[in-house]
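Single-letter residue listing:
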Amino acid sequence: MPILGAPLFTGTQISYSLVCSTKLWLFSNNVTMEFSSDLVGMGRFIHETSYSRERKNVIIDRIGIDFVKKGDRITIHEVKKSKKLDEAHRYQVYYYIHYLQAVLGIQDVDGMLDYPEMRKREHLTLTDDIRVDLERILRNIAETIRLPRPPPPVKKTYCKKCAYFEFCWV
Ligand code: SF4
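The model shown is predicted, which means the values in this text are computed figures rather than measured ones. (Residues numbered from 1 in each chain as written. Predicted model: local features only at pLDDT ≥ 70, side-chain atom pairs only at ≥ 80, totals over all residues. Heavy atoms only, no water.)

Is there a simple way to think about the overall build of the chain in this case?
For the chain, the count of helices and strands is six helices and five strands. For the chain, the N- to C-terminal ordering of α and β elements is α-α-α-β-β-β-α-β-β-α-α. Each of the 170 residues in the chain was classed as buried or not, and the buried ones make up 44%. For the chain, the proportion of contacts with a sequence separation of at least 24, taken over those separated by at least 6, is 67%. With the model as given, the accessible surface of the chain reaches about 9,700 Å², and the carbon-plus-sulfur share is 52%. (Helix = DSSP H or I, 4+ residues; strand = E, 2+ residues; numbered from the N terminus. Buried < 20%, exposed > 50% of the residue type's maximum accessible area, 1.4 Å probe, protein only. Contact = heavy atoms within 4.5 Å. Areas by Shrake-Rupley, 256 points an atom, 1.4 Å probe, with all protein chains shown as cover.)

This is the structure in structure tokens:
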């Protein structure tokens, strides 16, 4: 089902779109090197060993949510290793909230970014301004992944930790 006039994307695509359009294109076109990354492995370990009492790895359509906590309202949790890419992580959670609200009709939902290694968390709610940002981000993803080849890489400090480093720079 379309969301905000765009096709359905995964949270990873939302996050990558705010990090690097080359990475977004490679991932979306099935060039996957992610499993060889030590950082990704560490992230999975943190996720698998944290929050053991919650309902984890909830899959709704193509949306994979780390875990969901149900109290008075539904809270979507996304577990991350560090805050270095916090803006990308925030929009990943905003997208999940919007998806539950707009597509599934669940209104009483908010989000939480969890950083168990740092013992920190950030509460997230959707505002009209963020919805406008999301719409722009989704349009940008749709345009980028349809390109016949990946956008040229642009060097950034993040590249050294990216699974696509060799693809882009070696
Ligand atoms: S190595 Fe850098 S330029 Fe290449 S995909 Fe990763 S973040 Fe983007």
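Picking up where we left off.
What exactly am I supposed to notice about the packing of helix 4 (residues 86-103) against helix 5 (residues 128-145) here?
Packed helix pairs are specified by the crossing angle of their axes together with the interaxial distance, meaning the distance between the axes. Interaxial distance between helix 4 and helix 5 falls to 11 Å at its minimum, and their mutual angle equals 100°. Here helix 4 lies roughly perpendicular to helix 5, going by the angle between them. Between helix 4 and helix 5, the residues in contact are Tyr91, Tyr94, Tyr95, His98 and Gln101 and Ile130, Arg131, Asp133, Leu134, Ile137 and Leu138, respectively. (Axes fitted to C-alpha atoms, helices over the stretch in contact; angles between N-to-C directions. Parallel < 35°, antiparallel > 145°, perpendicular 65-115°, else oblique.)

Can you help me understand the pairing of strand 3 (residues 74-79) in this one?
On any regular strand, side chains alternate: one points to one face of the sheet, the next to the other face. Within strand 3, six of the six residues are buried, which leaves the element mostly enclosed by the surrounding structure. Neither face of strand 3 is exposed, since Ile74, Ile76 and Glu78 on one face and Thr75, His77 and Val79 on the opposite face are all buried. Pairing geometry for strand 3 and strand 4 (residues 109-115), over six bridges, is parallel. Looking across to strand 4, one finds that isoleucine 74 is bridged to valine 109. (Pairing = 2+ DSSP bridges.)

When you look at the packing of aromatic side chains in this model, what are you seeing that I'm missing?
Aromatic rings in a pair are described by how distant their centres are and how their planes are angled relative to each other. Evaluated as defined, the whole model comprises three aromatic pairs. Centre to centre, the rings of tyrosine 16 and phenylalanine 27 are 5.2 Å apart; their planes meet at 80°, and the pair counts as edge-to-face. Residue tyrosine 16 is found in helix 1 (residues 11-19), and its partner phenylalanine 27 is found in helix 2 (residues 21-28); the two are separated by eleven residues along the sequence. When its relative accessible area of 23% is taken as the criterion, phenylalanine 27 is described as partly exposed. Ring centres of tyrosine 95 and tyrosine 96 lie 6.5 Å apart, and the angle between their planes is 45°; this geometry places the pair in the tilted category. Given a relative accessible area of 0%, tyrosine 95 falls into the buried group. Directly above the ring of tyrosine 16 sits lysine 23, whose terminal nitrogen or CZ lies 4.5 Å from the centroid. The ring of tryptophan 169 has lysine 155 sitting right over it, with the charged end atom 4.4 Å from the ring centre. (Phe/Tyr/Trp six-rings, centres within 6.5 Å; stacked < 30°, edge-to-face > 60°. Lys NZ or Arg CZ within 6 Å of the ring centre and 35° of its normal.)

When you look at the site of the ligand in this model, what are you seeing that I'm missing?
In the vicinity of the ligand, the contacting residues are Cys20, Lys23, Pro153, Val154, Lys156, Tyr158, Cys159, Cys162, Tyr164, Phe165, Cys168 and Trp169. Its residues placed into classes, the shell around the ligand shows ten nonpolar, no polar and two charged. (Near = heavy atom within 4 Å. Nonpolar A, V, L, I, M, F, W, Y, C, P; charged D, E, K, R; others polar.)

What's the story with the pattern of salt bridges in this structure? I'm lost.
Side chains bearing opposite charge may pair, as long as their charged atoms lie close to each other. Applying the stated rule across the entire model yields ten salt bridges. As a salt-bridge pair, arginine 90 and glutamate 122 come within 2.6 Å of each other at their nearest N and O atoms. Taken together, the residues arginine 90 in helix 4 and glutamate 122 in strand 5 (residues 120-124) connect sequence positions 32 residues apart. Neither residue differs from the other here; arginine 90 and glutamate 122 are each classed as buried. Between aspartate 133 and arginine 136 there is a salt bridge whose closest N-O contact spans 3.8 Å. Note that aspartate 133 and arginine 136 are positioned in helix 5 at a spacing of three residues, about one turn of the helix. The class of aspartate 133 is partly exposed, set by a relative accessible area of 26%. The network of salt bridges with shared partners includes Asp86, Glu87, Arg90 and Glu122. (Salt bridge = Lys/Arg side-chain N within 4 Å of Asp/Glu carboxyl O.)

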